[in-house]
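One letter stands for each residue in the lines below.
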Amino acid sequence: MAIIVTFDIPGATQAMYEEAADRLSGGHGLESLADWPAQGLIAHITGPSPTGWFVTDVWESEEAFERFGEVLMPVLRAVGYPEFPALVLPAHKVVLS
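### Section: the pattern of salt bridges
Per the counting criterion, the structure on display carries one salt bridge. The salt bridge involving arginine 23 is made with glutamate 19; its shortest N-O contact spans 2.8 Å. One end of the pair is arginine 23 and the other is glutamate 19, both in helix 1 (residues 14-25) and four residues apart, which spans about a single turn. Residue arginine 23 is classed as partly exposed on the basis of its relative accessible area of 45%. Residue glutamate 19 is classed as partly exposed on the basis of its relative accessible area of 34%.

### Overview of the nonpolar core
Ranked by internal contacts, the top residues of the largest apolar core, which has 26 residues, are Phe7, Trp59, Phe68 and Tyr81. Elements supplying a minimum of two residues to this core: strand 1 (3-10), helix 1, strand 3 (52-59) and helix 2 (62-79). Considering every element that reaches this core, the biggest residue donor is helix 2, with seven residues. Dropping the residues within four chain positions of it, phenylalanine 7 is found in contact with Trp53, Phe54, Val55, Phe65, Phe84, Pro85 and Ala86.

Thresholds applied
- Residues numbered from 1 in each chain as written.
- Predicted model: local features only at pLDDT ≥ 70, side-chain atom pairs only at ≥ 80, totals over all residues.
- Heavy atoms only, no water.
- Salt bridge = Lys/Arg side-chain N within 4 Å of Asp/Glu carboxyl O.
- Helix = DSSP H or I, 4+ residues; strand = E, 2+ residues; numbered from the N terminus.
- Buried < 20%, exposed > 50% of the residue type's maximum accessible area, 1.4 Å probe, protein only.
- Core = buried A, V, L, I, M, F, W, Y, C linked by side-chain atoms within 4.5 Å.
- Contact = heavy atoms within 4.5 Å.

Following this line, the structure appears as structure tokens:
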């Protein structure tokens, strides 16, 4: 079952996001789903929030998201991201163009 994962990360910035993206992709950013170092990502949306940086992903399954988290979390710590919770919800419907 697909899941929606949302992070609202106080104090995070676009520069921090871009640095993490470069580290995850070997220096070329995360411009397409093929650039991601994990399988199962359906959609990725990110941008500034009133308190920092906001990310919403749709993953094929919670297991796929957890596998990515094993790669992601050490990178975020290295870039200086603060601790933040994830809101994980089941997706009812995913429609893409």
